[in-house]
Amino acid sequence: MTITENTTEIPVRLDFDTHAAGFSRAMSHLDKAATKELDRVEFDPKLRELVRIRASQLNGCAYCIDMHTKDARAIGETEQRIYALPAWAETPYFTERERAALAFTESVTLLAADHVPTAAYEAVAAAFSPDEVAALVSLIVTINAWNAIAVSTRAWTPGSYQP
């Protein structure tokens, strides 16, 4: 049996790229700006994808989870670490630096719950330079914006992304 034999089609609610074309282009520019910041500080590409995946898991964004797990695999991220992301704090698979980034990702993504506690910020600031923290914030804000668009409109079909 192939995956396509036992699937449910999730209908697109709104073709966002057509009905908000200017904003969609602006989001692409935002994404490129965040990537430039990440490149400027030489932020680890695998950690970028782990952050994108974790935020997308928290937001329930099927399309982005699919996209960024494929991208992570394409640059050599392991299946074990990808599968462990929902329970990253209980696994030995992540470095202290990665743990700080993932904890900060969760705090920023869920900021309504606790407004990014000082401890979360201090942990990420201890592991990353101020420029790296700023780049990480850019990444987290951008993936959360993409998640909000994708979850609310279901504009893009999970499984359709090809790296």
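Residues numbered from 1 in each chain as written. Predicted model: local features only at pLDDT ≥ 70, side-chain atom pairs only at ≥ 80, totals over all residues. Heavy atoms only, no water.

1. Focus on the overall build of the protein chain
Okay, step 1: Scanning the protein chain for helices and strands turns up 9 helices and 0 strands.
Okay, step 2: The helix and strand sequence of the protein chain, counted from the amino end, reads α-α-α-α-α-α-α-α-α.
Okay, step 3: Relative to a compact globule of 163 residues, whose C-alpha radius of gyration would be 15 Å, the protein chain shows 16 Å and is just as compact.
Okay, step 4: With the C-alpha coordinates of the protein chain rotated into their principal frame, the extents come out at 45 × 40 × 30 Å.
Okay, step 5: The proportion of buried residues among the 163 residues of the protein chain is 40%.
Okay, step 6: Long-range pairs, those at least 24 residues apart, make up 68% of the contacts in the protein chain with a sequence separation of at least 6.
Okay, step 7: When the accessible surface of the protein chain is split by element, carbon and sulfur atoms take 57% of a total near 9,000 Å².
Okay, step 8: Of the charged side chains in the protein chain, 15 are positive and 22 negative, and the gap between their average positions amounts to 3 Å. (Helix = DSSP H or I, 4+ residues; strand = E, 2+ residues; numbered from the N terminus. Rg over C-alpha atoms; globule rule 2.2 N^0.38 Å. Buried < 20%, exposed > 50% of the residue type's maximum accessible area, 1.4 Å probe, protein only. Contact = heavy atoms within 4.5 Å. Areas by Shrake-Rupley, 256 points an atom, 1.4 Å probe, with all protein chains shown as cover. Lys, Arg positive; Asp, Glu negative; His and termini not counted. Charge placed at Lys NZ, Arg CZ, Asp CG, Glu CD.)

2. Structural notes on the layout of surface pockets
Okay, step 1: What the largest pocket holds in volume is close to 230 Å³.
Okay, step 2: The wall of the largest pocket is formed by Asp31, Ala34, Arg52, Tyr63, Cys64, Met67, His68, Leu139, Thr142, Ile143, Trp146 and Trp156.
Okay, step 3: If you list the elements that add at least two residues to the lining of the largest pocket, you get helix H2 (21-40), helix H4 (62-74) and helix H9 (130-153).
Okay, step 4: Class assignment of the residues belonging to the lining of the largest pocket gives a composition of 8 nonpolar, 2 polar and 2 charged. (1 Å grid on protein atoms, 1.4 Å probe; cavity = no way out; pocket = protein on both sides within 12 Å on 5 of 7 lines; lining within 4 Å. Points joined across faces, edges and corners; volume = space filled by probe spheres on them. Nonpolar A, V, L, I, M, F, W, Y, C, P; charged D, E, K, R; others polar.)

3. Overview of the pattern of salt bridges
Okay, step 1: Within the structure shown, the criterion is met by 11 salt bridges.
Okay, step 2: In this structure, arginine 81 engages glutamate 77 in a salt bridge whose closest nitrogen and oxygen atoms are separated by 2.6 Å.
Okay, step 3: Residue arginine 97 pairs with glutamate 132 through a salt bridge whose shortest N-O separation is 2.8 Å. Separated by 35 residues along the polypeptide, arginine 97 in helix H6 (residues 96-109) and glutamate 132 in helix H9 bring together distant segments of the chain. (Salt bridge = Lys/Arg side-chain N within 4 Å of Asp/Glu carboxyl O.)

4. A closer look at the packing of aromatic side chains
Okay, step 1: A full pass over the atoms with the stated rule returns 3 aromatic pairs.
Okay, step 2: Between phenylalanine 104 and tyrosine 121, the ring centres sit 6.1 Å apart and the planes meet at 65 degrees, which makes this aromatic pair edge-to-face. Placement of phenylalanine 104 in helix H6 and of tyrosine 121 in helix H8 (residues 118-127) is noted, with a sequence separation of 17 residues between them. (Phe/Tyr/Trp six-rings, centres within 6.5 Å; stacked < 30°, edge-to-face > 60°.)

5. A few points about the nonpolar core
Okay, step 1: Judged by nonpolar contacts, the single largest core of 25 residues is most densely connected at Phe43, Leu47, Val51, Phe94, Phe128 and Leu136.
Okay, step 2: Within the residue set of this core, elements represented by two or more residues are helix H3 (45-59), helix H5 (79-84), H6 and H9.
Okay, step 3: For phenylalanine 43, the contacting residues outside a window of four places in its chain are Leu38, Arg48, Phe128, Glu132 and Leu136.
Okay, step 4: In this structure, Phe16, Met27, Ala55 and Tyr161 belong to the second largest nonpolar core, which totals 15 residues. (Core = buried A, V, L, I, M, F, W, Y, C linked by side-chain atoms within 4.5 Å.)

6. Observations concerning the environment of arginine 154
Okay, step 1: With respect to the element layout, arginine 154 can be found in the segment after H9.
Okay, step 2: Here arginine 154 falls in the partly exposed class, since its relative accessible area comes to 30%.
Okay, step 3: As for arginine 154 and methionine 67, which are separated by 87 residues in sequence, their C-alpha atoms are 14 Å apart.
Okay, step 4: Polar side-chain contacts of arginine 154 include one of 3.1 Å to the backbone oxygen of valine 151. (Polar contact = N/O pair within 3.5 Å; in protein donor to acceptor, adjacent residues only side chain to side chain.)

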